[in-house]
Amino acid sequence: MASPRRIEKLNNLLREELGKIIDREMDFPAGTFVTITSVEISPDVHYADVFISIISPEPENILAILGGNIYHIQQELNQSLRMRPVPRIKFFLDEQEYRREKIEKKLADLKKE
């Protein structure tokens, strides 16, 4: 079991490294932006849930592209990090980000009225 402080540091490190790998290695359709909003590593440091925000007409398609390339992304991560074990990653859409956007739009509409 890792300490909460260590897990927080690993979350940030993993988020930065995954951002670099996705930016450098992945090809998405034009006009698509993928942002890693947060990473949650399990207490035993064997698994990591990666939450992403996608700006694209078809976010499910982008999630499928990431899922199809997860083996390659995991290999790049294994080579770039000097820690063992390297957490096995899994991508999820960040639903909280979409909720925030909806609330902000509603607030902007109320201000206009």
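Residues numbered from 1 in each chain as written. Predicted model: local features only at pLDDT ≥ 70, side-chain atom pairs only at ≥ 80, totals over all residues. Heavy atoms only, no water.

## Observations regarding a positive patch on the surface
At step 1: Taken together, the side chains of Arg-99, Lys-102, Lys-105 and Lys-106 present a region of like positive charge at the surface.
At step 2: Tracing the backbone shows Lys-102 in helix H4 (residues 95-112).
At step 3: Accessibility expressed as a relative area gives 57% for Lys-102, which makes it exposed. (Patch = residues over 30% accessible without salt bridge, like charges linked within 9 Å, V, L, I, M, F, W, Y side chains within 5 Å. Areas by Shrake-Rupley, 256 points an atom, 1.4 Å probe, with all protein chains shown as cover. Salt bridge = Lys/Arg side-chain N within 4 Å of Asp/Glu carboxyl O. Lys, Arg positive; Asp, Glu negative; His and termini not counted. Charge placed at Lys NZ, Arg CZ, Asp CG, Glu CD. Helix = DSSP H or I, 4+ residues; strand = E, 2+ residues; numbered from the N terminus. Buried < 20%, exposed > 50% of the residue type's maximum accessible area, 1.4 Å probe, protein only.)

## Observations regarding the nonpolar core
At step 1: Core analysis: the biggest nonpolar cluster contains 26 residues, and Leu-14 and Ile-89 have the highest contact counts within it.
At step 2: For this core, the secondary-structure elements that each account for two or more residues are helix H1 (4-25), strand E1 (33-41), strand E2 (47-55), helix H2 (59-68), helix H3 (70-80) and strand E3 (88-93).
At step 3: A total of six residues in this core trace back to one element, the largest contributor, which is H1.
At step 4: Once residues within four sequence positions are removed from consideration, Leu-14 is found in contact with Val-39, Ile-41, Ala-48, Leu-77, Leu-81, Pro-87 and Ile-89. (Core = buried A, V, L, I, M, F, W, Y, C linked by side-chain atoms within 4.5 Å. Contact = heavy atoms within 4.5 Å.)

## As for H4
At step 1: For H4, which comprises 18 residues, the first-to-last C-alpha distance of 26 Å matches the rise-based estimate of 26 Å (1.5 Å per residue) to within 8%.
At step 2: Of all the 18 residues making up H4, zero are buried; the element is thus mostly uncovered.
At step 3: For H4, the capping residue at the N-terminal end is Asp-94, with a side-chain oxygen 3.2 Å from the backbone nitrogen of Gln-96. (Expected span 1.5 Å × (residues − 1). Polar contact = N/O pair within 3.5 Å; in protein donor to acceptor, adjacent residues only side chain to side chain.)

## Some details on H3
At step 1: By the burial criterion, the buried members of H3 are Ile-73, Gln-74, Glu-76 and Leu-77. Along the axis of H3, the buried positions cluster into a sector of 160°, meaning they face one direction only. In this structure, H3 carries Tyr-71 and Gln-79 as exposed residues pointing more than 90 degrees from its buried face.
At step 2: Summarising the contacts, the buried residues of H3 are in contact with H1, H2 and E3. (Arc of directions from axis to C-beta.)

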